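Descriptive structure summary
Below, each chain spelled out in residue letters.
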There are 4 protein chains.
Amino acid sequence: MLLGQCFAIMPLTGIRRASPRHVHFRFKSVPMIVTLIFMMASSVLTLCMLKYLLNIGVTAKNFVGQVFFTCVQCACILFIDLARHWPSLIRYWTHLELVFTKPPYEVLKRNLSQRVRQPALIIIALSLVEHSLYLSSAIVSYKQRVKFCTQNYNSTMGVSFDNYVKVNYDYVFPMLPYTRLIGVYVLLVNGTCTFIWNYMDLFIMMISKGLAYRFEQISKRIRRLEHEDRVPETTFMEIREHYVRMCELLERVDNVLSGIILLSCANNLYFVCCQLLNIFNKLRWPINYVYFWYSMLYLVGRTACVFLTAATINDESKSALSVLRRVSSKNWCVEVERLIFQMSTQTVALSGKKFYFLTRRLLFGMAGTIVTYELVLLQFDEPNRRKGLLPLCA
Amino acid sequence: MLLGQCFAIMPLTGIRRASPRHVHFRFKSVPMIVTLIFMMASSVLTLCMLKYLLNIGVTAKNFVGQVFFTCVQCACILFIDLARHWPSLIRYWTHLELVFTKPPYEVLKRNLSQRVRQPALIIIALSLVEHSLYLSSAIVSYKQRVKFCTQNYNSTMGVSFDNYVKVNYDYVFPMLPYTRLIGVYVLLVNGTCTFIWNYMDLFIMMISKGLAYRFEQISKRIRRLEHEDRVPETTFMEIREHYVRMCELLERVDNVLSGIILLSCANNLYFVCCQLLNIFNKLRWPINYVYFWYSMLYLVGRTACVFLTAATINDESKSALSVLRRVSSKNWCVEVERLIFQMSTQTVALSGKKFYFLTRRLLFGMAGTIVTYELVLLQFDEPNRRKGLLPLCA
Amino acid sequence: MLLGQCFAIMPLTGIRRASPRHVHFRFKSVPMIVTLIFMMASSVLTLCMLKYLLNIGVTAKNFVGQVFFTCVQCACILFIDLARHWPSLIRYWTHLELVFTKPPYEVLKRNLSQRVRQPALIIIALSLVEHSLYLSSAIVSYKQRVKFCTQNYNSTMGVSFDNYVKVNYDYVFPMLPYTRLIGVYVLLVNGTCTFIWNYMDLFIMMISKGLAYRFEQISKRIRRLEHEDRVPETTFMEIREHYVRMCELLERVDNVLSGIILLSCANNLYFVCCQLLNIFNKLRWPINYVYFWYSMLYLVGRTACVFLTAATINDESKSALSVLRRVSSKNWCVEVERLIFQMSTQTVALSGKKFYFLTRRLLFGMAGTIVTYELVLLQFDEPNRRKGLLPLCA
Amino acid sequence: MLLGQCFAIMPLTGIRRASPRHVHFRFKSVPMIVTLIFMMASSVLTLCMLKYLLNIGVTAKNFVGQVFFTCVQCACILFIDLARHWPSLIRYWTHLELVFTKPPYEVLKRNLSQRVRQPALIIIALSLVEHSLYLSSAIVSYKQRVKFCTQNYNSTMGVSFDNYVKVNYDYVFPMLPYTRLIGVYVLLVNGTCTFIWNYMDLFIMMISKGLAYRFEQISKRIRRLEHEDRVPETTFMEIREHYVRMCELLERVDNVLSGIILLSCANNLYFVCCQLLNIFNKLRWPINYVYFWYSMLYLVGRTACVFLTAATINDESKSALSVLRRVSSKNWCVEVERLIFQMSTQTVALSGKKFYFLTRRLLFGMAGTIVTYELVLLQFDEPNRRKGLLPLCA
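Just so you know, these numbers come straight off a predicted model, no measurement behind them. Along each chain, residues carry numbers from 1 onward, in the same order as the chain's sequence is written. As they are written, the chains are lettered A onward and the ligands numbered 1 onward, keeping that order. Per-residue local features of the predicted model are confined to residues with pLDDT of at least 70, and side-chain atom pairs are confined, for both listing and counting, to 80 or more; whole-chain, interface and lining totals are unaffected and use all residues. The side-chain values count all of the structure's non-hydrogen atoms but skip hydrogen atoms and water molecules.

Thoughts on the relation of the copies chain B and chain A
To keep it simple, the criterion reads: When the copies are superposed, the least-squares fit takes in the C-alpha atoms of residues with a pLDDT of at least 70 in both. We call two residues in contact when some of their heavy atoms are within 4.5 Å.
By a simple turn and slide, chain B fits onto chain A: the slide is 0.0 Å along the axis, the RMSD is 0.0 Å, and the turn is 90 degrees. Both copies are brought into coincidence by an operation consistent with a four-fold rotation axis. Residue B:Val376 of chain B places its C-alpha closer to the rotation axis than any other residue of that unit, at 4.7 Å. Take the interface residues of chain B: only 19% of them recur as interface residues in chain A, which is what a contact between different surfaces looks like.

Section: the packing of aromatic side chains
Filter applied, for reference: Only rings of Phe, Tyr and Trp enter the pairing, Trp through its six-membered ring, and a pair is recorded when the two centres are within 6.5 Å. The plane angle decides the type: under 30 degrees is stacked, over 60 is edge-to-face, the rest tilted. Numbering of helices and strands runs from the N terminus, with a helix taken as a DSSP run of H or I at least four residues long and a strand as a DSSP run of E at least two residues long. Think of it in three bands: residues with accessible area under 20% of the maximum for their type are buried, residues over 50% are exposed, and the middle band is partly exposed, with areas taken using a 1.4 Å probe on protein chains only.
For the structure shown, the criterion picks out 56 aromatic pairs over all chains. Ring geometry for A:Phe364 against B:Tyr356: centres 4.5 Å apart, planes inclined by 35 degrees, an arrangement best described as tilted. In this pair, A:Phe364 is assigned in helix H11 (residues 360–387) and B:Tyr356 in the loop between helix H10 (334–345) and helix H11 (360–387), connecting two distinct chains. Overall, A:Phe364 belongs to the partly exposed group, its relative accessible area being 29%. A centroid spacing of 6.5 Å and a plane angle of 90 degrees characterise the contact between C:Phe68 and C:Phe271, whose relative ring orientation is edge-to-face. You can see C:Phe68 sitting in helix H3 (residues 63–97) and its partner C:Phe271 sitting in helix H7 (residues 233–277), a full 203 residues away along the chain.

Regarding the UniProt feature "transmembrane region" (unreviewed entry) in chain A
Residue and element names in this part refer to chain A. We apply this condition: UniProt positions are given in the numbering used here, feature names are shortened, and annotations may be inferred rather than shown by experiment.
Here, UniProt's "transmembrane region" (unreviewed entry) annotation points to residues 33–54, 63–83, 120–142, 181–200, 256–279, 291–313 and 362–380. End C-alpha atoms of residues 120–142 are separated by 33 Å, and the span's content is 100% helix alongside 0% strand. Taken end to end, residues 181–200 comprises 100% helix and 0% strand; its first and last C-alpha atoms sit 29 Å apart.

Things to note about helix H7 (residues 233–277) of chain D
In plain terms, the rule: One fewer than the residue count of a helix, multiplied by 1.5 Å, yields its expected span. Note that the bend at a residue is defined as the angle between axes fitted to the seven residues ending at it and the seven residues starting at it.
Taking 1.5 Å of rise per residue, the 45 residues of H7(D) would be expected to cover 66 Å, yet its terminal C-alpha atoms sit only 57 Å apart, more than 12% below that figure. Of all the bends found along H7(D), the most pronounced is centred on D:Leu257 and spans about 55 degrees.

Looking at the interface of chain A and chain D
As a reminder, the rule being used: The salt bridge definition used is simple: a Lys or Arg side-chain nitrogen within 4 Å of an Asp or Glu carboxyl oxygen. Each residue gets one label: Ala, Val, Leu, Ile, Met, Phe, Trp, Tyr, Cys and Pro are nonpolar, Asp, Glu, Lys and Arg are charged, and the others, such as Gly, are polar.
Contacts between chain A and chain D engage 26 residues on the former and 26 residues on the latter. At the surface where chain A touches chain D, the tally comes to one salt bridge. The partner of D:Arg326 in a salt bridge is A:Glu248, and the shortest N-O contact between them spans 3.0 Å. Elements with a minimum of two residues in the side of chain A that touches chain D: helix H7 (233–277), helix H10 (334–345) and H11 of chain A. Here the side of chain A that touches chain D gets eight residues from one element, more than from any other, and that element is H11(A). For the side of chain A that touches chain D, the class distribution of residues is 13 nonpolar, five polar and eight charged.

In structure tokens form, the structure reads like this:
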């Protein structure tokens with residue numbers, strides 16, 4: 001499972017350190033340097049955009065790009081911070097997991113590495129589709145536009161890679177001179193940013209799956225006890241100890257991860273709001289509609305997925321309650337009482353810096369809030385929407 | 001009680017399987033085929049409408065029909081899924097209920113089948129009134145319009161069944177050729193859809209009544225113990241066991257039903273918001289006002305009814321708490337303590353996929369949210385409202 | 001205390017039955033007849049207004065009067081329903097209170113009847129000021145208007161009582177012919193309605209004070225035990241029994257009263273929103289400003305008062321917790337544990353039909369909600385506000 | 001620590017009494033007189049502004065100043081009220097703290113006086129920067145304006161201190177005659193008001209740090225017990241007693257402080273909303289932008305800081321729970337059970353008059369609410385924003 005995670009981290013961003021056992025964190029290491037190079041590269045773009053926006057004036061529309069880059073930058077910093085604590089955390093985790101691989105706990109239907117790998121592969125595939133759709137949409141729009149403009153306005157723009165980059169990433173070139181190298185560099189950084197942006201959510205999901213799996217094992221074990229006639233107190237003592245330890249592990253993971261969770265949530269909420277706001281916008285070409293709808297569904301789906309996956313920890317941690325409540329008077333003991341009390345009163349879940357806990361109820365509340373925001377924003381955006389499409393060739 | 005439910009399911013939609021004892025679910029069965037035929041029939045209409053909407057442009061107003069059809073389709077799928085789990089669930093339920101039909105538990109004032117049948121009959125009657133009002137409203141409007149147009153614009157439209165269907169279900173006929181058969185088919189499908197739409201809520205209410213009844217019996221039994229001097233621990237043990245079993249049954253029912261609950265809630269909220277939004281719209285004929293107000297009150301009433309009926313489960317499950325708190329020191333035992341603790345800390349209620357629990361507090365929160373939505377939507381809709389009525393003969 | 005309440009009920013509305021001990025409820029009694037006469041009298045006005053509104057078109061502004069009359073009508077019906085249950089409730093209450101008048105419980109600083117009478121007198125005084133300000137405001141506006149119109153437009157309206165009533169209650173006279181008797185009748189009914197409207201809140205406050213006082217006595221008794229060295233378990237048993245009984249009394253009162261609470265809350269929220277919305281309206285004469293601001297502050301103050309007084313029940317019921325938590329190991333027993341558990345987990349408060357509980361937290365949530373509503377409503381009302389004052393002499 | 005607090009109170013506002021040990025409160029004392037003089041001085045300004053506003057008409061924009069002055073006045077009154085209860089509170093506190101300075105409790109990494117002093121110094125420094133930026137911004141705007149107006153409109157305004165004060169505090173001089181003394185007095189009162197305004201938040205933070213520190217010590221002590229093999233029940237008894245006492249101290253502090261907390265929160269929310277609303281306003285000179293953004297960030301930062309610092313009390317009070325849950329069966333006793341139960345069910349936190357508790361969850365809820373308000377307000381403010389800058393020389 002840990003292997004899966006570490007593997008997943010590295011190739012995607014090319015910036016984390018390897019070796020699941022001898023994991024170390026050094027500031028002077030190759031992955032660290034790669035990360036720093038990437039961060040510098042992307043911060044150049046961020047600054048370009050910032051300057052560009054300050055020149056033409058910030059609006060809600062063109063602000064999206066800025067938010068995107070800032071999020072990615074923050075994510076990088078948070079991941080570096082996470083990397084610092086990762087070695088000790090992963091050792092603690094691995095040590096704790098030894099218990100769960102042995103007999104009293106059984107391997108569940110789909111084992112852990114399968115569970116962790118599956119969403120990773122799906123998310124990666126879908127995000128690849130999303131990014132390639134984005135590129136196709138941009139390229140097709142660009143081509144159609146050139147075609148249209150040359151026909152109607154005698155504009156002499158030719159269809160070329162250089163021109164495409166210049167038009168689509170127009171915020172870069174007031175500051176940097178255009179060379180083909182810089183064009184490629186801009187495309188690369190944009191692509192990598194998109195991956196990191198997806199990776200943040202993916203990482204939370206994988207960690208959640210890992211933790212939820214262990215709570216599920218505990219629940220399963222308790223459920224097996226249901227049909228036994230006489231359960232010694234020591235068994236419950238052992239189970240409770242493992243449960244408490246898992247809670248502590250969750251606490252430690254949460255301390256390290258909750259910055260990323262907070263960023264991911266804020267980021268997802270912002271982009272979902274933005275995309276939902278654009279539903280009624282008119283677009284010019286069919287491919288834009290395809291990209292837009294796919295992108296929106298992908299975003300909403302990914303956000304829901306992250307929340308629901310994280311909420312499974314909470315669900316699983318409580319799932320054994322119903323069995324424990326059926327423990328008969330004969331088997332009743334202080335340990336069972338303590339376990340029930342803890343399960344009932346403690347919120348076992350990943351959190352966003354303890355400001356909120358990722359549970360199913362939260363998702364419901366958030367959905368309500370998003371609808372409110374959307375309704376107000378739609379009204380706010382009414383005048384822009386009525387204007388319709390801007391003229392194509394300025 | 002189960003008979004009542006199964007009977008109620010079948011005749012209405014004609015799509016579920018019979019036999020309360022030997023209930024089976026087979027994909028290859030007559031009711032299944034009927035359901036599938038209906039689903040295909042209605043999906044043809046859904047697609048017609050979708051295409052029609054994409055042609056003339058989606059607005060908040062004409063989107064309502066699309067939502068209606070999509071809801072009905074989803075409801076069908078969810079009911080088929082429910083049907084798959086129904087046989088095992090109903091066997092478990094019947095088995096569990098045997099305990100509650102015997103002496104320690106008494107039959108309550110109005111017995112279960114009365115309780116279940118009564119709301120069913122009321123809802124069905126009211127929905128029949130609603131649908132016939134809808135039809136009268138549509139027919140009267142149509143007639144008046146034809147009359148008005150022939151008088152003032154020399155239009156030659158005659159009042160005929162064919163024409164009525166063509167005008168009222170105009171979204172069907174760009175795709176399908178008009179024959180009288182198709183006209184009847186459109187009317188039939190629309191009627192059936194309305195019934196399924198009502199049936200969803202009715203089903204939730206009946207299940208809730210069934211569960212709440214059992215919790216009420218437990219409460220009643222506990223209340224009878226209040227005046228007894230000396231209650232043996234085994235009595236409380238038995239009561240607690242029954243309570244826990246009922247909670248488990250609720251859990252199982254909830255797992256199977258919560259998809260339908262979620263759909264029903266979303267659906268009700270959407271239509272309540274829509275109808276409340278239309279309060280200030282001007283309508284042309286008095287019959288339209290009658291239909292509109294009746295429809296709105298019916299909808300709001302039905303929604304409140306579903307929520308409140310479902311909330312009775314939660315209310316009943318806690319109603320014995322006050323008696324248990326009065327248990328004197330003499331009768332106090334671990335079993336009573338466990339029962340009190342469970343009643344205090346567990347949320348015993350049907351849920352919408354665990355995102356929210358159907359309790360009285362939820363209804364209060366929802367009311368507040370709906371008011372907020374309404375206020376924003378009313379403001380949003382201001383320009384449309386000011387336009388007033390469209391010209392009658394285009 | 002009960003005397004105070006019964007007295008307070010009767011003279012104000014002149015519609016409830018007397019005699020604190022032998023309280024009975026008969027449909028055929030003098031107070032009942034008075035009530036019914038009043039209800040018919042006011043329903044005539046309600047219908048007049050309804051017809052008038054349907055003629056000139058309903059707007060948010062002129063709807064206020066309709067809501068006012070409908071609230072008063074509902075309040076009457078709810079009070080009659082309350083009166084039906086009152087005799088048995090008051091006997092139960094009086095019986096229960098006997099315990100609290102004897103030694104182990106001491107009389108608190110300000111005794112109960114003082115506490116109950118004080119807010120009653122204040123509210124009645126303030127509401128009298130409010131109503132007389134309303135009348136002065138209406139009369140002065142009317143006089144000024146006549147003066148202004150005769151000067152500028154040669155209108156020949158004279159200042160007379162008949163004319164005043166006709167102008168101010170213009171909704172009555174399309175339906176009823178004007179005679180001086182009917183004029184007086186309209187004024188009387190309006191005055192009585194205002195009193196009932198205030199009385200609803202006053203009643204809730206007095207009941208709350210009565211209940212909170214008893215919980216305070218229990219808390220006080222527990223607090224006295226703090227410094228005793230050795231407390232026998234029987235003492236705690238007794239205290240817990242009294243506490244549980246008080247909770248049961250609260251439950252019974254709540255069942256009877258929660259309809260009125262729900263109405264009062266909805267009513268207060270609606271009028272507070274309306275009045276806050278009118279803050280930015282321009283008024284013509286200084287006396288209108290005086291009335292308007294006084295009325296608004298009175299309304300907000302009264303609403304806050306009702307909520308806070310009702311919330312004291314909740315506060316007092318928990319106030320002994322901190323002392324119970326200090327009970328030393330020596331005195332620790334199951335009874336203390338049960339008492340602490342009950343106090344921690346049970347929400348002891350009056351409720352609005354169990355949809356919400358009147359606690360301090362609710363007030364906070366409501367304040368937030370009102371601000372949201374106000375902001376949206378203000379925006380909604382913008383166009384009306386910009387129009388300014390209407391011409392005086394139409 | 002107490003010294004730090006008392007010192008911090010006095011020099012800033014010059015209005016509280018000294019001597020940490022023999023703290024007394026007398027109405028007839030020098031600090032009291034100073035306070036009263038200041039209050040009168042500032043109330044003169046408040047009244048000037050009120051009269052000025054009533055003359056030119058109240059708008060959301062010019063209302064800010066009025067709110068500012070009213071807040072400061074309320075803060076003064078609340079601080080005087082606090083001062084009345086302070087001597088007895090501080091004696092109780094000091095007495096209670098003796099326990100925590102002795103061996104079983106260890107001094108934490110950064111000791112208390114460091115912790116209390118540090119935020120005080122930072123806040124004071126930042127607020128000084130803020131006020132000087134405000135002054136520079138005002139002066140530069142004034143100078144530029146004079147320069148611009150003399151060039152373009154031949155206005156003969158000279159740049160002078162007198163003129164500056166007249167222009168910037170124009171609300172004062174319709175009521176008071178201008179002399180240089182009054183000019184200085186106006187500046188001084190404004191400066192002092194700003195300090196009191198900051199001091200309110202600072203005071204809450206320092207008290208919070210003081211309380212959180214003690215809870216942290218208790219947690220630390222419990223955490224040390226984790227590795228001990230056999231812990232006697234008396235140890236837990238002692239810890240629980242200290243914990244309960246700390247809760248009582250918190251309760252007392254809260255009773256005295258919660259008025260200030262409520263004012264501070266309302267005040268911060270209002271100003272944060274106002275400042276966020278002004279984000280899109282155009283300003284004339286760069287220094288205005290610098291001041292505006294610094295001021296906004298300072299305000300948001302300070303508000304977040306107050307909330308988070310106050311929330312640490314809640315965090316620390318629960319931090320020992322995870323250790324207590326690991327207490328093995330051997331060491332398990334009633335005292336541990338009671339402690340766990342209390343920690344789980346009691347909300348240990350400062351509150352705003354019990355309407356809400358300052359916890360991390362509250363901050364999350366508030367953030368959501370602020371966003372809603374902002375969205376509605378932005379829309380509301382749209383027309384004003386579109387107008388752009390007013391002409392400079394009127």
